[in-house]
Amino acid sequence: MTTPTTPTTPTTPTPTTTTGIPAVTGAIGSAHTRVEGRDKVTGAARYAGEVPFAELAHGWLVLSTVARGRIRSVEDSPVLAMPGVLTVLHHGNAPRVDTDYVGMVGRPNPVLGIFQHDRVPFVGWPVALVVAETSEQAREAAEALVVRYDEEPHDVAFFAGRSGAYTPESNPMVQAETEKGDVEAQLDASAVVVDEEYTTPEEHHNAMEPHAATARWDGGRLDVVDSNQGSTWVATELAMLFSLDPASVRVRSEHVGGGFGSKGLSPHQVAAVMATTVLHRPVRVVLTRRQMFSLVGFRSPTAQRMRLGADADGRLRAFDHQALSLTSTVHEFVESSAVLGRVLYDADAHRTLHRLVRLDVPTPAWMRAPGEAPGSFALESALDELAEKCGVDPIALRARNEPETGPVSGLPFSSRNVLACFEEGARRFGWADRDPRPGLRREGRWLLGTGTAAATYPSGAGPSTAAVTAEPDGSFTVRINAADIGTGARTAMVLVAADALKVGPDRIRVRLADSDLGPAMFAGGSMGTRSWAWAVTLAADELRKRLALGGAIPPEGITARSNTAEAIGALAKKERHSFGAQFAEVAVDVTTGEVRVRRLLGIYAAGTIVNPLTARSQLIGGMTWGLSMALHEEAIRDQASGGHVGADLAGYHFAAHADVPVIEADWVDDPVDDPIGIKGIGEIGVVGVAAAIANAVWHATGVRHRDLPIRPDRVLRAADEARRRAAEGARSA
């Protein structure tokens, strides 16, 4: 889907700056095509796996084929004799690393400590790296390498009510439990109660550009060209892993073809550094699609119990969201599915709880809208069920339970315009014409239905540094270690700098994605643009003050620098979130089980929209992902082997073009009580979409689906069960 662009060149005379450059305001909020767009579509933009190096060698990872056990032997002698093979690294000869540290996101996943011991904790654990002159030689040798194991019994089964679950006590990424009031007493006092369980499957993010890293030693410094979501992050972690002076590590990631939470530090980068250290020449390691399924994280499956108690009019008395997810035996990760209720809805008694079960699987990780995506399916489906039981319109029910402050924190909101999103969305979607009774609309063999759901995602910021230079030729250079992972970050920083400097965007050049530029927030948690824009704005403001003093610009330019750490630390404590309302129309063929989404509409309240063109693209992409989550995505583990049944993009089904209808994404005005006024939009597009589709399927068929994805076989079974119950009811009558 393409979005028309609008002209950005000023057509009226404007004042001039002290440098004689035409002053232009209003770059932010105008649609701009990507500044690197031509390079990308012509192939001039090189990604991490394409940058040339002299004497480049190629590494190929060998992954375990057993789910639990020990490596008995790595029979590398025959492989070392194969053409082009330079070395085989494994636990018996690899350089040592230190994983006992606390990094930017807590303690590292032990999978980064590759080749350090003979333990195998899951299928797909790295057991060796074969390095050869060409990637073809490395692959052939890796596939010929024989690794023998002492296999042990494994357990990969995840299901609701699983024994051995525990509550995390001190996970730095999420508060496991919150509680106020007496949930059980309020449930007992409620006129209407919803008590249901919802499940979501294991899901995977496979970015268009595979994970790739090239490492080399250059003049005593470790130089890594990598595909990542934050070169500061990766450089810092590599320095700690290899006990290096941070100043001696440089990481560059100029162009990144998608990340979605998966492109932090992974075993392939560590392997590349190990190999270049051993061979004293550049080494590149690129993951295959199949390897990405076990090495770069995934979304944990969830089993979520929702208990809602309300008065007859739908006002919540009790809110209880308990979420179960899995983690590995070597590292703890929480899929924080119960966090939405801490923001969206209040009740007299309010409880949220996360529990984990340790299994012999890879460690889950952040996947676009971690926690909020699966959590919104459970919560917003349960709200729809409550609305049905109360005989209240789903939007009216949400309005009735709109909190004035944070339901758990009690803090004020920096802005909260979720009801404005529902109002505008309902108007554009034609919600007022909806007959709330299910199973009534039919179009030939299709049953039609509509549904809605709320969305929210945090709007945080991370400390960042930036430098802005006024050049002698009248242009400006912005230097910030941002990561453009396909979101249009370069273009956004051009627009932010142009507005701050009050010049045209064509006068701005941006350098990013190089750890030598200084520390900055990574592209994650929908915090990138907000964090970087803040740093660029502060530096640009300081530069304007210096330029206002007059005087010639020297050949090296005039540079102003910023660091937002103090400003972020001084922020008043508030609930800071983006909000949205999702609307879906579906058609269901109960004879074949096919579900087709006909329309999707998302309306968002996300602060200042920097670039409407790329913002709308991000939101549409997120909504497409939500559709895929609702109807298609599901990774299946074989209980016998512990591995995936189809660890590739043929066996792992996701939405194709034919599955995606016309999608509309737009936003309402959302003034923010905040120094920067920008919120994140990268992830909120996913949140609520699966629930809106599931709610629409109920409206079409009268049958509630509480397990994702809503596959044809599940639709058919549910229809058969509904007919059976109806027949039994008729006989009883």
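Residues numbered from 1 in each chain as written. Predicted model: local features only at pLDDT ≥ 70, side-chain atom pairs only at ≥ 80, totals over all residues. Heavy atoms only, no water.

**Some details on the overall build of the chain**
Broken down by element type, the chain carries 17 helices and 24 strands. Computed over C-alpha atoms, the radius of gyration of the chain comes to 27 Å, within 12% of the 27 Å expected from 2.2 N^0.38 for 733 residues, which places it in the range of a compact globule. Along the first, second and third principal axes, the C-alpha set of the chain runs to 85 × 75 × 50 Å. Residue burial in the chain is summarised as follows: out of 733 residues, 60% are buried. Across the chain, the fraction of contacts at a sequence separation of at least 24, relative to all contacts at a separation of at least 6, is 82%. Computed over 73 positive and 88 negative side-chain charges, the inter-centroid distance for the chain is 2 Å. (Helix = DSSP H or I, 4+ residues; strand = E, 2+ residues; numbered from the N terminus. Rg over C-alpha atoms; globule rule 2.2 N^0.38 Å. Buried < 20%, exposed > 50% of the residue type's maximum accessible area, 1.4 Å probe, protein only. Contact = heavy atoms within 4.5 Å. Lys, Arg positive; Asp, Glu negative; His and termini not counted. Charge placed at Lys NZ, Arg CZ, Asp CG, Glu CD.)

**Side note on the nonpolar core**
Counting residues in each nonpolar core, the largest one holds 87 residues, and the members touching the most others are Leu308, Leu386, Phe583, Val586, Leu600 and Ile693. If near-sequence neighbours (up to four positions away) are discounted, Leu308 is found in contact with Leu187, Val192, Val193, Val194, Leu316, Ala318, Phe319, Ala382, Leu383 and Leu386. Membership of the second largest hydrophobic core comes to 48 residues, among which are Ala27, Ile508, Val510 and Ala560. (Core = buried A, V, L, I, M, F, W, Y, C linked by side-chain atoms within 4.5 Å.)

**So, the packing of aromatic side chains**
In this structure the tally under the stated criterion is 10 aromatic pairs. Note on Trp233 and Phe522: the rings are 4.6 Å apart at their centroids and 35 degrees apart in plane angle, and the pair reads as tilted. With Trp233 in helix H5 (residues 231-241) and Phe522 in the loop between strand S20 (508-511) and helix H13 (528-548), this pair connects stretches of sequence that are 289 residues apart. What makes Phe522 buried here is its relative accessible area of 13%. With 6.2 Å between their ring centres and 75 degrees between their planes, Phe422 and Phe583 make a pair best called edge-to-face. Of this pair, Phe422 sits in helix H11 (residues 418-429) while Phe583 is found in strand S22 (residues 577-589), placing the two residues 161 residues apart along the sequence. Side by side, Phe422 and Phe583 carry an identical accessibility label, which is buried. By way of ring pairs, the aromatic residues Phe422, Phe429, Trp431 and Phe583 are connected into one cluster. Positioned above the aromatic ring of Phe413, the side-chain terminus of Arg416 is 4.7 Å from the ring centre. For the cation-ring pair, Arg637 lies above Phe298, with the distance from its terminal atom to the ring centre recorded as 5.8 Å. (Phe/Tyr/Trp six-rings, centres within 6.5 Å; stacked < 30°, edge-to-face > 60°. Lys NZ or Arg CZ within 6 Å of the ring centre and 35° of its normal.)

**What to know about the side chain of Ser628**
You can see Ser628 is positioned in helix H15 (residues 612-631). Judged by relative accessible area, Ser628 falls into the buried class, the value being 3%. Discounting residues that sit within four places of it in the chain, Ser628 has contacts with Glu633, Phe654 and Ala655.

**Digging into the side chain of Gln582**
Counting through the fold element by element, Gln582 comes out in strand S22. At 3.1 Å, the side chain of Gln582 and the side chain of Tyr604 are in polar contact. Within the structure, the side chain of Gln582 is placed 3.3 Å from the backbone oxygen of Gly685, a separation counted as a polar contact. (Polar contact = N/O pair within 3.5 Å; in protein donor to acceptor, adjacent residues only side chain to side chain.)

**Things to note about the pairing of S20**
The two faces of S20 differ: Ile508 and Val510 on one face are buried, but Arg509 and Arg511 on the other face are not. By the bridge criterion, four bridges tie strand S19 (residues 476-480) to S20 in an arrangement that is parallel. Note that in S20 the partner of Val478 across the bridge is Val510. As for the winding sense of the linkage, the β-α-β connection from S19 through helix H12 (residues 489-501) to S20 is right-handed. (Pairing = 2+ DSSP bridges. Right-handed = clockwise from strand over helix to strand, strands pointing away.)

**Overview of the environment of Ala497**
Looking at where Ala497 falls in the secondary structure, it is placed in helix H12. A relative accessible area of 0% means that Ala497 is categorised as buried. The sequence separation of Ala497 and Ser294 amounts to 203 residues, and the corresponding C-alpha distance is 40 Å. Here Ala497 is in contact with Val478, Ile508 and Val536, once residues within four sequence places are set aside.

**Description of H11**
Between its first and last C-alpha, H11 extends 16 Å over 12 residues, near the 16 Å set by a 1.5 Å rise per residue. Where H11 is buried, its residues touch helix H10 (394-400), strand S17 (446-458), S22 and strand S23 (594-605). Positive phi shows up at Gly430, right after H11, with a value of about 80 degrees. (Expected span 1.5 Å × (residues − 1).)

**Observations regarding the pattern of salt bridges**
Inspection of every chain in the model, using the stated rule, returns 66 salt bridges. Here Lys40 makes a salt bridge to Glu36, at a shortest N to O gap of 3.1 Å. For Lys40, a relative accessible area of 23% puts it in the partly exposed group. The class of Glu36 is buried, set by a relative accessible area of 4%. A salt bridge links Glu402 to Arg416; the shortest N-O distance between them is 2.5 Å. Note that Glu402 is positioned in the loop between H10 and H11 and Arg416 in the loop between H10 and H11, a separation of 14 residues in sequence. For Arg416, a relative accessible area of 14% corresponds to the buried category. (Salt bridge = Lys/Arg side-chain N within 4 Å of Asp/Glu carboxyl O.)

**Describing the confidence of the model for the chain**
Overall, the predicted model of the chain reaches an average pLDDT of 94, with 97% of residues at or above 70. Here residues 1-24 scores under 50 on pLDDT; set against residues more than four positions off or in separate chains, the count is 43 contacts. (pLDDT = per-residue confidence, 0-100.)

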